[in-house]
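Reading the structure
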Amino acid sequence: MTVAATPPAPKLELPPLKLGPITVDTPVILAPMAGITNSAFRRLCREYGGGMYVAEMVTSRALVERTPESLRIISHDDDEKVRSVQLYGVDPVTVGSAVRMLVEEDRADHIDLNFGCPVPKVTRRGGGSALPWKIDLFTSIVQTAVREASKGNVPLTIKMRKGIDDDHLTYLDAGRIARDSGVAAVALHGRTAAQFYSGQADWSAIARLREALPDIPVLGNGDIWSAEDAVRMVRETGVDGVVVGRGCQGRPWLFGDLQAAFEGSDTRHKPNLGQVAQGVYRHAELMVETFGDENKALREIRKHIAWYFKGYVVGGELRTRMALVSSLEELRAALDELDAGSPYPGGDAEGPRGRAGSPKRPALPKDWLESRALNADQSRDISAAELDVSGG
């Protein structure tokens, strides 16, 4: 893939990211995304640049019950240097059991806990971005998970949001509790649960967390659409690294740009239409390897089509046909109809991608906001609230 130069900027002096015994030379982490960061996409990203690549979120209950889907999610390629798994859970006992399983069975080198998911099916059970509001529950889960992970010298991190909404912020308290509990790093998405993915991420909150936790790595997440955004976040907030989510959807080569930027290079990937088509087909082939089922793999690739071709001149009929393919042969035939020499469209191919949603009142358990501690009913219900469907 061709690369092009952009105006040079002063080199950013950022040391490798240290997470316990793990050194991440390029301080960039691929955020876990349901239905996206499977082993196929992680491999594709690794082929372009360095960093650490986290698997899709897996629920603690499903993992403990060893459901086939949960075991698929935590599977890694033999050459993945750091096998990174993200867990979701609302019950300390179940989360602890899941961490113990990962450690004792040598299934992960790094474990992250999800306290940032804003999806209603998660928050209405008190999970994800709703959970840090309950200080006692949050503390118990983090301490239990750290204790179990430390038995195998596996670093444990957390990813969270600012809070439930602007009137119920939790990130500073949660960051201090996590630090005091022994986590290896804290990542903050600069939005509340109520924002979902709308509006702009609040990088000033990330800077405040960095200032409040000078003794552990702090990572920033939100609105990193380019390597330049990542560099700007580091300069503005002082974070030790960045977490990239939606910005790499349809652009796995972003990790090449990020590595170049952190190494002081001004080269950037600017693929023409033919090179994008090659990337799409490579992604589809890897998906077939991952799922072992060509039809399922091609159903999975459909959602990526619009992201890959954002900004490029592709006819509506052809876009529709590519989004309905059911075999590699059909995909190859459709891709061959593209004007391979059509150049990189510049800004039209960049910027926000994926569904932002709109601000909404978070779905929460009954009386969740009345106190920062669990009441008797909530304590009784919490173990029954564990989701058993992973990847959401």
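Parameters at a glance
Sequence positions are assigned chain by chain, starting from 1 and proceeding in written order. Only residues with pLDDT of 70 or above have their local features reported here, since the model is predicted, and side-chain atom pairs are shown and tallied only from 80 upward, although totals for entire chains, interfaces and linings are computed over all residues. Excluded from the side-chain calculation are hydrogens and water; included are all heavy atoms of the structure. The helix and strand labels rest on DSSP assignments: H or I over at least four residues marks a helix, E over at least two residues marks a strand, and numbering proceeds from the N terminus. As defined in this context, the radius of gyration uses C-alpha atoms, and a globule is described by 2.2 Å times the residue total to the power 0.38. Type-normalised accessible area, obtained with a 1.4 Å probe on protein chains alone, sets the label of each residue: buried when under 20%, exposed when over 50%, and partly exposed for intermediate values. Contacts are assigned to residue pairs that have any heavy atoms within 4.5 Å of one another. Residue-level accessible areas treat just the shown protein chains as cover; the underlying method is Shrake-Rupley with a 1.4 Å probe. In this tally, Asp and Glu contribute negative charge and Lys and Arg positive charge; neither His nor the terminal groups of the chain are included. Taken as the charge centre is NZ of Lys, CZ of Arg, CG of Asp or CD of Glu, depending on the residue. At least two DSSP bridges between two strands are required for those strands to pair. When the strands point away from the viewer and the path from the first strand over the helix to the second turns clockwise, the crossover is right-handed. Salt bridge, as used here: a side-chain nitrogen of Lys or Arg that lies within 4 Å of a carboxyl oxygen of Asp or Glu. UniProt positions are given in the numbering used here, feature names are shortened, and annotations may be inferred rather than shown by experiment. Buriedness of a pocket was judged along seven lines, with at least five required to meet protein on both sides within 12 Å; pockets are open sets of points on a 1 Å grid over the protein atoms alone, cavities are sets where a 1.4 Å probe fits but cannot get out, and lining residues have an atom within 4 Å of a point. Grid points are joined across faces, edges and corners, and a volume is the space filled by probe spheres set on the points. Each residue gets one of three labels, nonpolar for Ala, Val, Leu, Ile, Met, Phe, Trp, Tyr, Cys and Pro, charged for Asp, Glu, Lys and Arg, and polar for the others, Gly among them. The axes are straight lines fitted to the C-alpha atoms, using for helices just the contacting stretch, and the angles between their N-to-C directions are given from 0 to 180°. Roughly parallel refers to an angle under 35 degrees, roughly antiparallel to one over 145, roughly perpendicular to one between 65 and 115, and oblique to any angle outside these ranges. Crossings are assigned a handedness: left-handed for a near helix turned anticlockwise from the far helix by less than a right angle, right-handed for a clockwise turn.

1. Thoughts on the overall build of the chain
Counting its regular elements, the chain contains 15 helices and 14 strands. Against the compact-globule benchmark of 21 Å for 392 residues, the chain has a radius of gyration of 21 Å, which places it among compact chains. C-alpha atoms of the chain, sized along the principal axes, occupy 65 × 50 × 40 Å. Taken across its 392 residues, the chain has 59% of its residues classed as buried. Intrachain contacts of the chain at a sequence separation of at least 6 include 73% that bridge at least 24 residues. Surface exposure of the chain reaches about 15600 Å², of which carbon and sulfur atoms provide 49%. Averaging the locations of the 48 positively and 53 negatively charged side chains of the chain gives two centres separated by 3 Å.

2. A few points about the pairing of strand S11 (residues 185–189)
Burial within S11 is extensive, with five of its five residues counted as buried. A two-sided burial pattern is seen for S11, the buried positions comprising Ala185, Ala187 and His189 on one face and Val186 and Leu188 on the other. In this sheet, S11 lies alongside strand S8 (residues 156–161) in parallel orientation, the contact comprising five bridges. Residue pairing in the sheet places Lys159 in a bridge with Ala187 of S11. Since S11 and strand S12 (residues 218–221) lie parallel, the crossover through helix H8 (residues 203–212) that links them has a hand, and here it is right-handed.

3. Details of the side chain of Thr94
Its location among the elements puts Thr94 in helix H4 (residues 92–104). In this structure, Thr94 is in contact with Ser60, Arg61, Val64 and Glu386, ignoring residues within four places of it in sequence.

4. Quick word on the pattern of salt bridges
Enumeration according to the criterion identifies 31 salt bridges in this entry. Between Glu69 and Arg72 there is a salt bridge, with its nearest N and O atoms 2.8 Å apart. Of this pair, Glu69 and Arg72 are both found in helix H3 (residues 68–73), three residues apart, which corresponds to roughly one turn of the helix. Salt-bridge contacts for Arg210 lead to Asp240; the nearest nitrogen and oxygen are separated by 2.2 Å. Here the residue Arg210 occupies a position in helix H8, and Asp240 occupies one in the loop between helix H9 (227–237) and strand S13 (241–244), the gap between them amounting to 30 residues. Residue classification places Arg210 among the buried residues on the basis of a relative accessible area of 12%. The partly exposed category is assigned to Asp240, whose relative accessible area is 26%. Several salt bridges share partner residues, and in doing so they unite Arg42, Arg43, Arg46, Asp77, Asp79 and Glu80 into one network.

5. Structural notes on the UniProt feature "active site" (unreviewed entry) in the chain
If you check UniProt for "active site" (unreviewed entry), the listed places come out as Cys117 in our numbering. Positionally, Cys117 belongs in the loop between strand S7 (110–115) and helix H5 (120–123).

6. Considerations on empty space enclosed by the protein
The full count for this structure, using the stated rule, is three cavities of 30 Å³ or more. Taken as a whole, the largest cavity holds about 110 Å³ of empty space. Together, 13 residues line the largest cavity, and Ile29, Asp112, Thr157, Ala187 and Leu219 are the ones closest to its centre. Counting residues per element, the ones that place at least two in the lining of the largest cavity are strand S5 (52–59), S7 and S8. Here the residues of the lining of the largest cavity sort into nine nonpolar, two polar and two charged.

7. Examining the layout of surface pockets
The space that makes up the largest pocket amounts to roughly 960 Å³. Secondary-structure elements contributing two or more residues to the lining of the largest pocket are S5, S8, S13 and helix H12 (294–308). Looking at the lining of the largest pocket residue by residue, the classes come out as 16 nonpolar, 13 polar and eight charged. Of the pockets and cavities examined, the second largest pocket occupies roughly 390 Å³. Considering the residues around the second largest pocket, the lining is formed by 15 residues, among which Gly50, Gly51, Met52, Tyr53 and Lys81 are closest to the centre. Contributions of two or more residues to the lining of the second largest pocket are made by strand S3 (22–24) and S5.

8. Let's talk about the pairing of S13
Burial of S13 is two-sided: the residues Gly241 and Val243 facing one way and the residues Val242 and Val244 facing the other way are all buried. Bridge count between strand S4 (residues 28–30) and S13: three bridges; the pairing is parallel. When the sheet's bridge partners are listed, Val28 is paired in S13 with Val242. Pairing of S12 with S13, which is carried by three bridges, proceeds in the parallel orientation. The residue bridging Leu219 from the neighbouring strand is Gly241, located in S13.

9. As for the packing of helix H6 (residues 135–150) against helix H7 (residues 171–181)
Their axes nearest at 9 Å, the elements H6 and H7 cross at an angle of 30°. On the basis of their axis angle, the class for H6 and H7 is roughly parallel. In terms of crossing hand, the pair formed by H6 and H7 is right-handed. Within the contact between the two elements, H6 uses Ile135, Phe138, Thr139, Val142, Gln143 and Val146 and H7 uses Ala174, Ile177, Ala178 and Ser181. Residue composition of the contact of H6 with H7, grouped by class: seven nonpolar, three polar and no charged.

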